[in-house]
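Given next are the chains, with one letter for each unit.
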Amino acid sequence: MPPPAGLLPWPSPTAPAPRLTTTDPIACSGCTHEFDLEKPPVLEEVSDFFKGHGIEDFTFSRGRLSEWRCRAKLAVRGTSESPLIGLYQEGTHIVQDIPECRAHHPSINAAIKLLKQGISELNVQPFDEDAGTGELRYVQMTVTTYNTSIPVAQRYDQARVQVSLVWNSRDERSKNSEKLNLLQEFLWTNGGPRSNLHVIHSIWANFQTSTSNIIFGHKWRHIGGEADLWEHFGGVDISLDPYSFGQANTLSFNSLLHKLIKYVPRGSTVVDLYSGAGVIGLALAASRKCRSVKCVEINKMSKLSFEKSASRLPTNLGCTITWHNTDASVEPIHWLEGSSVAIVDPPRKGLHPSVINALQRVGLSERKAYKAKSSLTKIKDEKRPWILRAREPAVHVDSTIMEESSETWPETLIYISCGWESFKKDCKSLISHEAWYLENAHAFNFFPGTDSIEVLAIFRRESGTTQKKKKLKMKTKTKTKKKKSK
């Protein structure tokens, strides 16, 4: 499959697969295997699963096999003289240093090298988990290839890095904040636009003192470089704050996004139930295929990124797009109502049972779904006023006036899965009640070197006509097999 316009071509299928890491793959928990990166071990099972469900044109995009990771969260341990920046070894809290990881974009490796120099020169103390002491706990490296001053073909190679330093203090007024300021100055002086190696895009600080395994605290501060990081996805400029969810493999995600847009019928009303900062919804709005897009997201921190991105949309899209801060698993029927297309991109554990149940009801009977929604009493709503507030959009873009019909329910379900085992379970639940049927599926190699695979599955709602077509198709297949056996 060719890459989306403006991105680097995939490695040649005939080229030898690279070795992924320079460290022991067993010690580095980021990798499960070094070779055959174009074939995740789970791929054969995935292919057989979809063939067993009648998907004959299942495709797999292997993507880029090295230098693909554009976002990395790394632990900082060791000493100031010899800092370790990397991942925990499997099942331990021992950090494996990965200075030249080939999965990382080269700019991340360059930024890590520069950060290590700063730690040593400024005597910054890496975090000691046992004692709870030290200054620098973690670092998040996020790549941006957005640079309109250079040709498109050069942008990936010349990408820059947003560095987020997780500092072991309550805020920027703490005693050790002077070291943080010195480290920021070192990174900007030696990696900023006036340096010989312009690799740093911006610098943020996050303040965390918790003894738990949670990486980030609640307080963020922009302390250097550009305030906004932009990337281009699906034909749309997207703002990505360091505290918003971001894809690690931006090339493969862009490929998936272009594929997804093709499955949305023109004139659709869309709801995205796990929207994050609204990347998918914004791309669909910009495609001019939709009359409305509703983005539903539980993380309130994603609102600012959505607002910034939406501000760059053209004004004449003819599409209303709204962003709602709420939990999609609470009364999902409300969000499905009025939408002809539902998009779900749940966490690794899969869809919440309430979302599965709502989709089953919609698939089996529109009237049952509507009845289930209508049965929610006014008293119940008043006891949970935050639900009512969430129904009012936190962000509303475009002045187009469009009344959504309560008679409309999803005919198309687009499921993006990062957890194969949970997807199989959810898929079985959706099709076992004959509420939905699986129409098509594609897989993407988001994490080469692991046994993980990203799935884009297209479901359509069952109807009497589709059931007859499926039965006829199965009969034809059976007759063909019998002829061949003779």
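Everything discussed here concerns the structure shown above.
Residues numbered from 1 in each chain as written. Predicted model: local features only at pLDDT ≥ 70, side-chain atom pairs only at ≥ 80, totals over all residues. Heavy atoms only, no water.

Asks: How should the overall build of the protein chain be read in this particular structure?
Replies: Scanning the protein chain from terminus to terminus reveals 13 helices and 18 strands. Each of the 486 residues in the protein chain was classed as buried or not, and the buried ones make up 54%. Taking the intrachain contacts of the protein chain between residues at least 6 apart in sequence as the baseline, contacts between residues at least 24 apart amount to 72%. Accessible area for the protein chain stands at about 22900 Å²; split by element, carbon and sulfur atoms hold 52% of it. (Helix = DSSP H or I, 4+ residues; strand = E, 2+ residues; numbered from the N terminus. Buried < 20%, exposed > 50% of the residue type's maximum accessible area, 1.4 Å probe, protein only. Contact = heavy atoms within 4.5 Å. Areas by Shrake-Rupley, 256 points an atom, 1.4 Å probe, with all protein chains shown as cover.)

Asks: When you look at the packing of helix H2 (residues 106–122) against helix H3 (residues 177–191) in this model, what are you seeing that I'm missing?
Replies: Between two packed helices, both the angle of their axes relative to each other and the distance between the axes serve to describe the pair. Relative to each other, H2 and H3 sit at 135°, their axes nearing to 10 Å. Considering their axes alone, H2 and H3 lie oblique with respect to each other. Judged by the twist between their axes, the crossing of H2 over H3 is right-handed. Here Leu114, Leu115, Gln117, Gly118, Ile119, Glu121 and Leu122 of H2 lie close against H3, whose contacting residues are Lys179, Leu182, Leu183, Phe186, Leu187, Asn190 and Gly191. A class-by-class count of the residues in the contact of H2 with H3 yields eight nonpolar, four polar and two charged. (Axes fitted to C-alpha atoms, helices over the stretch in contact; angles between N-to-C directions. Parallel < 35°, antiparallel > 145°, perpendicular 65-115°, else oblique. Left-handed = near helix turned anticlockwise from the far one by under 90°. Nonpolar A, V, L, I, M, F, W, Y, C, P; charged D, E, K, R; others polar.)

Asks: Quick question: what am I supposed to make of unusual backbone geometry here?
Replies: Most peptide bonds are trans, and most residues other than glycine sit at a negative phi. The phi dihedral of Asp36 is positive, around 55°, even though this residue is not glycine. Mapped onto the secondary structure, Asp36 falls in the segment before helix H1 (43–52). The partly exposed category is assigned to Asp36, whose relative accessible area is 48%. Residues other than glycine seldom take positive phi values, yet Glu67 does so here, at roughly 55°. The topology assignment puts Glu67 in the loop between strand E1 (59–61) and strand E2 (71–78).

Asks: Sorry if this is basic, but what is going on with the sheet that holds strand E12 (residues 290–297) here?
Replies: Pairing between sheet strands relies on hydrogen bonds along the backbone, with the strands arranged either parallel or antiparallel. Within the open sheet, the nine strands sit side by side as E1-E17-E18-E16-E14-E11-E12-E13-E15. Their pairing is mixed. Every other strand in the sheet has two partners, leaving E1 and strand E15 (395–397) as the edge strands with one partner each. Neighbouring strand axes in the sheet, compared pairwise and without regard to direction, differ in orientation by 15° on average. Sheet analysis places strand E16 (residues 412–417) next to strand E18 (residues 454–461), joined by six bridges and oriented antiparallel. Bridge pairing in E18 places Tyr415 opposite Ala457. (Pairing = 2+ DSSP bridges.)

Asks: Explain helix H12 (residues 420–432) here, please?
Replies: The α-helix advances 3.6 residues per turn, and as a result positions three or four apart in sequence lie on the same side. Its 13 residues place the ends of H12 18 Å apart at the C-alpha level, agreeing with the 18 Å of an ideal helix rising 1.5 Å per residue. Inspection of H12 places Trp420, Ser422, Phe423, Asp426, Cys427 and Leu430 among the buried residues, and these make up the whole buried set. Angularly, the buried residues of H12 cover 150° about the axis, an arc narrow enough to put them on a single face. For H12, the exposed residues lying more than 90 degrees away from the buried face are Glu421 and Lys428. Taken together, the buried residues of H12 touch H1, helix H8 (353–364), E16, strand E17 (436–444) and E18. (Expected span 1.5 Å × (residues − 1). Arc of directions from axis to C-beta.)

Asks: Quick question: what am I supposed to make of the packing of aromatic side chains here?
Replies: Both the distance between ring centres and the angle between the ring planes are used here to describe each pair of aromatic rings. Taken as a whole and judged by the stated rule, the model has 17 aromatic pairs. Here the aromatic rings of Trp68 and Phe447 are separated by 5.8 Å at their centres, their planes lie at 80°, and the arrangement is edge-to-face. Taken as a pair, Trp68 in the loop between E1 and E2 and Phe447 in the loop between E17 and E18 lie far apart in primary sequence, 379 residues in all. In this pair, the class of Trp68 matches that of Phe447, namely buried. Every member of this aromatic cluster is reached through a ring pair, and the members are Phe49, Phe50, Phe58, Tyr415, Trp420, Phe423 and Phe459. Between Arg312 and the ring centre of Trp230, over which it is positioned, the NZ or CZ distance is 3.6 Å. (Phe/Tyr/Trp six-rings, centres within 6.5 Å; stacked < 30°, edge-to-face > 60°. Lys NZ or Arg CZ within 6 Å of the ring centre and 35° of its normal.)

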